[in-house]
Amino acid sequence: MTDFLADLNEPQQKAVKAVDGAVLVIAGAGSGKTRVLTYRIAHLLNLGIDPFNILALTFTNKAAKEMKDRIAQLVGGSKAKSLWMGTFHSVFAKILRFEAEKIEYPSNFTIYDADDSKRLLKNIIKEQNLDDKIYNAGAVLSRISNAKNNLISAPEYNEDFEIQTYDAQSRKPKLGMIYSIYQQRLKKAAAMDFDDLLFNTNILLRDHADVLYKYQNKFKYILVDEYQDTNFSQYLIVKKLAANNENICVVGDDAQSIYAFRGANIQNILNFKSDYPEHKIFKLEQNYRSTKNIVNAANSVIANNKDQIKKVVWTDNESGEKIQLFKASSESEEAALIGSRIFELKKNNEFSDKDFAILYRTNYQSRALEEALRKLNIPYKIYGGVSFYQRKEIKDLLAYFRLVLNPSDETSFLRIINFPARGIGNTTLDRLVVAANENNSSIWEVAQKPAAFNVQLNSGIINRLNEFVLMIKSFKARANNHNAFEFGKMVAYQSGIIKFYNEDESPESVTRRENIEELISALKDFSEAPGDVEGENALRTIDVFLEEISLLTDSEPEKTDRDDVNRVSLMTMHAAKGLEFPVVFLAGMEENLFPSHMSLQSRTELEEERRLFYVALTRGMKKVFLSYAETRFRFGEFNFCEHSRFIDEIDEQFINVISGNINKPKDNSWLKESFSESRKQFKPINKISSAPSATQEDSDAGFVLLTAAQLRIDMVVQHQRFGIGKIKTIEGAGENAKASVVFNNFGQKQLLLKYAKLKILS
DNA sequence: AAAGCGGTACTTTTT
DNA sequence: GTACCGCTTT
């Protein structure tokens, strides 16, 4: 075998060779972090350590897959395959299935994604007759998620004085009750949400010393990537598993911590030193990825953060070009500018499509960019957003699979009982749900013999229910003796889904049909793929397929088309973490968009945004372009934007303004041009022209987001689009605070204070 | 019970 | 601007 260690610089080598004990690797952006991790694992294997004894935890599925591939190249595929490598969620889901009975779950439990969880919460909120505006399912889920990630169970949540006081003050006193019911229902449905996978792993390791001992011995060497993004729940799992051997290596960069909003805790990195007093620290500070200009620009930005571990990221690479900034009048012009720049850079064959990435803060920004790229015939691929497996038609078909494997799964049952329509409506379902809850049984049981649960239904409905039950049972009989492809195809036809989408030729139906076809072809690929470790004749069944995709929230089914490879990448800055591209465009560098308006209230949140900017900048290898638009459609409204404060934080010697001048007084002449275009999407501008208030110079000055507390009834305020008006009522608090305003020219409007910028006039 | 209409809320980031 | 919800009509 070749001495691959020679590929590494000194600190990298040291980090790889320090095999025993606790090791903390602080790895600056582009410093070869993945390389250290992969080489370290390869090194362990070369020392003769059994791959089954190595646990490597990553943050995304993509990272796990890439690392596995790279290790396979170094030490061969069979060893790489036997490694325990994956995301926290996928690794511990596997372990939980194996140990399920210890925590009183069946081993075929269903994993609910955020969408499933929200559906269940919505149902609960409705059943409890709570106002779904106060108890917004998404917000409730994030509160519950937060509790779980800090290992606060539902009973503990309800007993905690501080939490209860907080909820009461934010006018959501029933959150604890919802949390309790939610957990009961998940349990009854034999389902776990994403956070339960980690929470229940903690319970398993806490309450079963023998299990803990077993895995401590199994995982003699533990590696954790992106340690700065672990939450408390993950931290504790790792700590427990490592407690016996203390062969643990964590790799991270506090400057790239961008998931605090989801419970990640930078403290975990800082705690490492006290948790393992005998630890060794290695700092990787040489950047191999980017030009001097990019590295220095990023350093000048991150220097504005107060909370950080000191390190100096530097590079030996060429100076390169300055970062280029351009200004556009609208998001479509911004997109067109980016597109034409890509076009130019491709012309002299220095770059091809795959070398470009366009990164943005929010998913909805992708639309304008897509349009521009399509117009220029530039092939692109969007990562993230509404992923393939989140699409309605796909989730519908998957719900059939899930219900067949786990008939207790309430959310899947409700999703498909009447899709395609089979004459079982809400009245019937409400009765079934009530009976199920009263008798503490699943809807599936009630549906099989409604009379036994005192549910009165007419004979027509009973027949239709019965047909549905028989259909699912007939599917069930075929789930284990057919491969996933044969099974899935059969379900797609017999459930009526294919027929449903064949019935009309609307573009929407056609797309959905194509997606179903794509899922079936993914099933085919899956069924024909060689089985894992077992015998070659082992049938690749639907349950294995479901397990494989239930934690894939980010990807499309694998495609092998050659033209799929050379494309411009579009994704959020979050999704770009860990990736690199020769040319990077950061679009939408505007206040309130980036940094997000949600993060302007606190320093810690603003610093997280700044770290995100740091991550985004350091994705670039050769060239980085920043752009912003002076106007943007948001929430169906036309908004004026200011350039992001982050632009000003880049030391000016590293940045170059291409078009326009960000400090020059606002030039609104482009507005007039837009009027004459009279394009549909610019209609709101015409409205502005008729509103006397908005045509004045600097019309975007002074409009700010206000809270309910700052407003009074009868106050006169100005809105960018609706002009001057008087406040009539103010209701709600916090997120949902609304004001009803009577405008002189537009009548009465309900404004959500979260979004509507106002200027107080008197 | 299903389909079609109109009103409302919504957009931070993801396993 | 869209997705979803609830209401109305058939």
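This is a predicted model, so every value here is computed, not measured. (Residues numbered from 1 in each chain as written. Chains lettered and ligands numbered in written order. Predicted model: local features only at pLDDT ≥ 70, side-chain atom pairs only at ≥ 80, totals over all residues. Heavy atoms only, no water.)

Section: the overall build of chain A
Of the regular secondary structure elements, chain A holds 30 helices and 24 strands. Per-residue burial for chain A yields a buried fraction of 52% across its 762 residues. Across chain A, contacts joining residues at least 24 apart in sequence account for 75% of those joining residues at least 6 apart. When the accessible surface of chain A is summed, it comes to about 34700 Å², and 49% of that surface belongs to carbon and sulfur atoms. (Helix = DSSP H or I, 4+ residues; strand = E, 2+ residues; numbered from the N terminus. Buried < 20%, exposed > 50% of the residue type's maximum accessible area, 1.4 Å probe, protein only. Contact = heavy atoms within 4.5 Å. Areas by Shrake-Rupley, 256 points an atom, 1.4 Å probe, with all protein chains shown as cover.)

Here we look at the environment of Ser550
Following the sequence through the fold, Ser550 ends up in the loop between helix H26 (542-549) and strand S14 (568-572). For the pair Ser550 and Leu398, spaced 152 residues apart in sequence, the C-alpha to C-alpha distance is 9.7 Å. Polar side-chain contacts of Ser550 include one of 3.3 Å to the backbone oxygen of Glu547. (Polar contact = N/O pair within 3.5 Å; in protein donor to acceptor, adjacent residues only side chain to side chain.)

A few points about the pairing of strand S17 (residues 637-640)
By the bridge criterion, four bridges tie strand S16 (residues 620-634) to S17 in an arrangement that is antiparallel. Following the sheet pairing, Phe633 is matched in S17 by Phe638. Between the end of S16 and the start of S17, which pair antiparallel, lie two residues, with Phe635 showing a positive phi angle near 55 degrees. (Pairing = 2+ DSSP bridges.)

Here's the deal with the packing of helix H5 (residues 88-98) against helix H13 (residues 232-242)
Interhelical geometry of H5 versus H13 gives an angle of 60 degrees and a closest axis separation of 12 Å. With respect to H13, the axis of H5 lies oblique. You can see that H5 and H13 cross each other, and the crossing is left-handed. Every residue of H13 that contacts H5 at Phe88, His89 and Phe92 is listed here: Gln234, Ile237, Val238 and Leu241. (Axes fitted to C-alpha atoms, helices over the stretch in contact; angles between N-to-C directions. Parallel < 35°, antiparallel > 145°, perpendicular 65-115°, else oblique. Left-handed = near helix turned anticlockwise from the far one by under 90°.)

Regarding the protein's contact with DNA strand C
Around DNA strand C sit Lys122, Lys126, Arg367, Phe635 and Gly636, and that is every residue in its neighbourhood. Restricting the count to atoms of DNA strand C within 4 Å of the protein gives a sugar and phosphate share of 33%. Lys122 is positioned with one of its side-chain polar atoms (N or O) 3.0 Å from a phosphate oxygen of DNA strand C. Its residues assigned to classes, the surface near DNA strand C shows one nonpolar, one polar and three charged. (Near = heavy atom within 4 Å. Nonpolar A, V, L, I, M, F, W, Y, C, P; charged D, E, K, R; others polar.)

Remarks on the side chain of Ser569
Relative to the helices and strands, Ser569 resides in strand S14. Ser569 has contacts with Phe356, Ala357, Ile358, Lys381, Tyr383 and Phe581, leaving out every residue within four places of it along the chain.

Side note on the environment of Ser509
As for its placement among the helices and strands, Ser509 is situated in helix H25 (residues 507-528). Looking at Ser509, the relative accessible area reads 8%, which means it is buried. Ser509 sits 421 residues away from Phe88 along the chain, and the two C-alpha atoms are 37 Å apart. Look past the residues within four positions of Ser509 in its chain and what remains in contact with it is Tyr501 and Asp504.

A few points about the side chain of Ser290
Within the secondary structure, Ser290 is located in the loop between strand S9 (286-287) and helix H15 (292-302). Reaching out from Ser290, the side chain makes a polar contact with the backbone oxygen of Gly620 at a distance of 2.7 Å. Those residues in contact with Ser290, other than ones at most four positions away along the chain, are Val295, Thr315, Asn317, Thr618, Gly620 and Met621.

A short note on the packing of helix H18 (residues 392-405) against helix H23 (residues 484-494)
Where H18 meets H23, the closest approach of the two axes is 10 Å, and the angle between their N-to-C directions is 115 degrees. In this view, H18 runs roughly perpendicular relative to H23, as classed from their interaxial angle. Crossing of H18 against H23: the hand is right-handed. Contacts between H18 and H23 involve Leu397, Tyr400, Phe401 and Val404 from the first element and Phe487, Gly488, Val491 and Ala492 from the second. Of the residues assigned to the contact of H18 with H23, the class counts are seven nonpolar, one polar and no charged.

Concerning the confidence of the model for chain A
In this model, chain A carries a mean pLDDT of 84, and residues with pLDDT of at least 70 account for 84%. Low pLDDT, under 50, characterises residues 660-701; the predicted model gives this stretch 52 contacts beyond four residues in sequence or across chains. (pLDDT = per-residue confidence, 0-100.)

Quick look at the packing of aromatic side chains
The full count for this structure, using the stated rule, is 25 aromatic pairs. Taking the centre distance of 4.9 Å and the plane angle of 70 degrees together, the rings of Phe419 and Phe500 count as edge-to-face. Of this pair, Phe419 sits in the loop between helix H19 (410-416) and helix H20 (426-438) while Phe500 sits in helix H24 (residues 497-502), and the two are 81 residues apart along the sequence. Here the aromatic rings of Phe638 and Phe640 are separated by 5.5 Å at their centres, their planes lie at 75 degrees, and the arrangement is edge-to-face. (Phe/Tyr/Trp six-rings, centres within 6.5 Å; stacked < 30°, edge-to-face > 60°.)

Here we look at the pattern of salt bridges
For the coordinates displayed, the defined rule picks out 43 salt bridges. In this structure, Glu344 and Arg341 form a salt bridge, with 3.7 Å as the shortest nitrogen-oxygen distance. Residue Glu344 and its partner Arg341 are located together in helix H16 (residues 331-347), separated by three residues, close to a single helical turn. With a closest N to O distance of 2.6 Å, Lys392 and Asp396 form a salt bridge. Note that Lys392 and Asp396 are positioned in helix H18 at a spacing of four residues, about one turn of the helix. Taking the relative accessible area as the measure of exposure, Lys392 reaches 36% and is therefore partly exposed. The exposure class assigned to Asp396 is buried, which follows from its relative accessible area of 3%. Overlapping salt bridges, with partners in common, bring together Asp113, Asp115, Asp116, Arg119, Lys392, Lys395, Asp396, Arg402, Asp409 and Arg415 in one network. (Salt bridge = Lys/Arg side-chain N within 4 Å of Asp/Glu carboxyl O.)

Focus: the sheet that holds strand S8 (residues 280-284)
Strand order in the open sheet formed by six strands is S3-S2-S6-S7-S1-S8, with parallel pairing between adjacent strands. At either end of the open sheet lies a strand with only one pairing partner, and these are strand S3 (84-87) and S8. Within the sheet, the average angular offset between the axes of one strand and its neighbour, ignoring direction, is 15 degrees. Sheet topology places strand S2 (residues 54-58) next to S3; four bridges connect them, and they run parallel. Across the sheet, residue Leu57 finds its bridge partner in S3, namely Gly86. The sheet strands contacting helix H1 (residues 10-17) are strand S1 (22-27) and S8, and the helix crosses S8 at an angle near 145 degrees. The strands touched by H5 are S2, S3 and strand S6 (221-224); relative to S3, the strand with the most contacts, the crossing angle is about 120 degrees.

A word on helix H11 (residues 194-207)
Taking 1.5 Å of rise per residue, the 14 residues of H11 would be expected to cover 20 Å, and the 21 Å separating its terminal C-alpha atoms lies within 8% of that figure. Buried residues dominate H11, accounting for ten of its 14 residues. Where H11 is concerned, the buried positions are Asp195, Asp196, Leu197, Leu198, Phe199, Asn200, Thr201, Asn202, Leu204 and Leu205. The N-cap residue of H11 is Asp193: its side-chain oxygen and the backbone nitrogen of Asp195 are 3.1 Å apart. (Expected span 1.5 Å × (residues − 1).)

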